[in-house]
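One letter stands for each residue in the lines below.
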Amino acid sequence: MEFFYLTLIGAVVGLLLIMALLNRYRRCPSDKILVVYGTSRSSKSAKCVHGGGTFVWPIIQDYAYLSLTPIGIDANLTNALSRQNIRVDVPCRFTVGISTEPESMLAAAERLLGLSAQQIQELARDILFGQLRLVIATMSIEELNSDRDKFLEAITSNVEVELKKIGLRLINVNVTDINDESGYIEALGQEAAAKAINEAKVRVAEQERNGEIGKAEAVRETRIRTAEANAQAVQGENEAKIAIANSDANRREREAEAQRKAVAAEKVAQAQALEEAYAAEQKAENARADRERASQQANVIVAQEIEKQRVVIEAEAEAEQKRVNAKGEADAIYAKMEAEAKGLFQILTKQAEGYDKMIQAAGGDATKAYTLLLLEKLPELVKTQVEAIKGINIDKVTVWDGGSGTADGKTSTAGFLAGLMKSVPPLADLFDQAGMSLPEYLAKKKDETPEAPAE
């Protein structure tokens, strides 16, 4: 009985274990990717399953799902710079989704697991904007506007490589109207439309001309055949009715006149048809000439604008060079004057220091210091007195001296020489004019005698 209970208990435990294992078996829907993460025997960070199922070990492993639902992204790129340096607006709508390739699923599990659809959309939009600008920078406006297949192929090849790095793939690209801020694309469309309209007008004029010419030829042929038939009938009638020859002659004359008028009318109609055809051709040529004139004018104006900018840049550069040179010269003059001022300041400073030391050497007596300085300059002062009469050029002096003397006993010759010597400024007077005075031992006169002491 115990064995039966033990067997029953073992069966129940085994059934529970089997049910637990079966409960840990996870199936993956077709629109999702099952990501199992935790411990793994391989070097991969996670195990990705699509369209199947796998066991998820409890405690040591866990799982999550990545949705394969396509994500629509509006990438309305504005002010993108083309190869011609023209800014364009390229509104695009991209449809992306998580790729089911093994490497891409692993990349998506590593970089997108746990992110919401809005977060994935923002991440992809940043990548799309960068690659879209890169593709536009390598193409011209004409290629962007006319060769859409090449544009879409370039976008696909650039975008798929970058999206694959985060586990996404590009499903669809839809590019709407491309605009540019300068109106270049609109001008291209107007040029194409004008060209098509002019060609259609030319073809219409040619067809109208051909119709008028054919109509005129048909009328002419009808009238010729009618005239021939009438002429044959008249000839038969004339043979049968000679009596009415004059009437037939008058009739033939009137028919000839009618024939002349018909021919004239045909010529007029032909001339009018040719005139209308030539007028249509003239309009087409005038339109083509206007387009060529506008193109040439645009080229000339652009070239003149470039030349104008070049002249302005050169003038500004020359003015800047002159300002730099003027500033350099001013700095040099300032440095020179500053150096001279410093030198003069040093000279005056040294002289002041020398005068101060001279006064100190004279015991603080400025008069004695002044006397020492005067003694130093005395040879120059004497030299100045000598120079006063040195330049007098006396070629000949004739003195008639009768030998008579003056009251003081001097002769006329002696008086002349004394007056000549007195013409030289005395040294004392020279010092007085300079606002100075000689020392007492130099300024004392010979005839001055000291006063006798009072008895």
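For clarity, every value in this text was computed on a predicted model and none was experimentally measured.

## Quick notes on the sheet that holds strand β3 (residues 46-49)
Inference 1: Reading across from one edge, β3-β2-β5 is the order of the three strands in this open sheet, with antiparallel pairing throughout. Two strands bound the open sheet, and with one partner strand each, they are β3 and β5 (61-67). Pairs of neighbouring strands in the sheet enclose a mean axial angle of 25°, with direction left out of account.
Inference 2: Across four bridges, strand β2 (residues 32-38) lies against β3 in antiparallel orientation. Along β3, the bridge assignment pairs Tyr37 with Ala46.
Inference 3: This element, helix α2 (residues 102-111), spans β2, β3 and β5 of the sheet and lies at about 125° to β3.

## Quick look at the packing of helix α3 (residues 117-137) against helix α5 (residues 148-164)
Inference 1: Two elements in contact, α3 and α5, have axes separated by 9 Å at closest approach and are oriented at 140°. Considered as vectors, α3 and α5 are oriented oblique to each other. Every pair of crossing elements has a handedness; the one defined by α3 and α5 is right-handed. Across the interface between the two elements, Ala124, Ile127, Leu128, Gln131, Leu132, Leu134, Val135 and Ile136 from α3 touch Phe151, Ala154, Ile155, Asn158, Val159, Glu162 and Leu163 from α5.
Inference 2: Residue classes in the contact of α3 with α5 are distributed as twelve nonpolar, two polar and one charged.

## Some thoughts on the environment of Tyr63
Inference 1: Within the fold, Tyr63 resides in strand β5.
Inference 2: Sequence separation between Tyr63 and Val36 is 27 residues; the distance between their C-alpha atoms is 4.3 Å.
Inference 3: Non-local contacts of Tyr63, meaning those with residues more than four positions away in its chain, are made with Arg26, Leu34, Val35, Val36, Tyr37 and Val56.
Inference 4: Within polar-contact distance, the side chain of Tyr63 engages the side chain of Arg26 at 3.1 Å.

## Brief notes about α5
Inference 1: Here α5 contains 17 residues, and its C-alpha end-to-end distance of 24 Å stays within 8% of the 24 Å for a straight helix at 1.5 Å per residue.
Inference 2: Of all the residues in α5, the buried ones are Phe151, Ile155, Val159 and Leu163. The buried side chains of α5 occupy one side of the element, clustering within an arc of 70° when seen end-on. Away from its buried face, by an angle of more than 90 degrees, α5 presents the exposed residues Asp149 and Glu153.

## Comments concerning the pattern of salt bridges
Inference 1: Counted under the stated rule, the structure contains 16 salt bridges.
Inference 2: Residue Glu318 is joined to Lys322 by a salt bridge in which the shortest nitrogen-to-oxygen separation is 3.8 Å. Of this pair, Glu318 and Lys322 both sit in helix α7 (residues 245-361), four residues apart, which is roughly one turn of the helix.
Inference 3: Taking relative accessible area as the criterion, Glu318 reaches 47% and is therefore assigned partly exposed.
Inference 4: Look at Lys322 and you get exposed, because its relative accessible area is 54%.
Inference 5: Between Lys342 and Glu338 there is a salt bridge, with the nearest N and O atoms lying 3.7 Å from each other. Taken together, the residues span about one helical turn, with Lys342 and Glu338 both in helix α7 at a distance of four residues.
Inference 6: A relative accessible area of 34% means that Glu338 is categorised as partly exposed.
Inference 7: Counted as one network, the salt bridges with shared partners bring together Glu307, Arg310 and Glu314.

## Some remarks on the pairing of β2
Inference 1: Of the strand pairs in this sheet, β2 and β5 are connected by seven bridges, and their pairing is antiparallel. From the neighbouring strand, Val35 faces β5, where its bridge partner is Ala64.

The rules we used
- Residues numbered from 1 in each chain as written.
- Predicted model: local features only at pLDDT ≥ 70, side-chain atom pairs only at ≥ 80, totals over all residues.
- Heavy atoms only, no water.
- Pairing = 2+ DSSP bridges.
- Helix = DSSP H or I, 4+ residues; strand = E, 2+ residues; numbered from the N terminus.
- Axes fitted to C-alpha atoms, helices over the stretch in contact; angles between N-to-C directions.
- Contact = heavy atoms within 4.5 Å.
- Parallel < 35°, antiparallel > 145°, perpendicular 65-115°, else oblique.
- Left-handed = near helix turned anticlockwise from the far one by under 90°.
- Nonpolar A, V, L, I, M, F, W, Y, C, P; charged D, E, K, R; others polar.
- Polar contact = N/O pair within 3.5 Å; in protein donor to acceptor, adjacent residues only side chain to side chain.
- Expected span 1.5 Å × (residues − 1).
- Buried < 20%, exposed > 50% of the residue type's maximum accessible area, 1.4 Å probe, protein only.
- Arc of directions from axis to C-beta.
- Salt bridge = Lys/Arg side-chain N within 4 Å of Asp/Glu carboxyl O.

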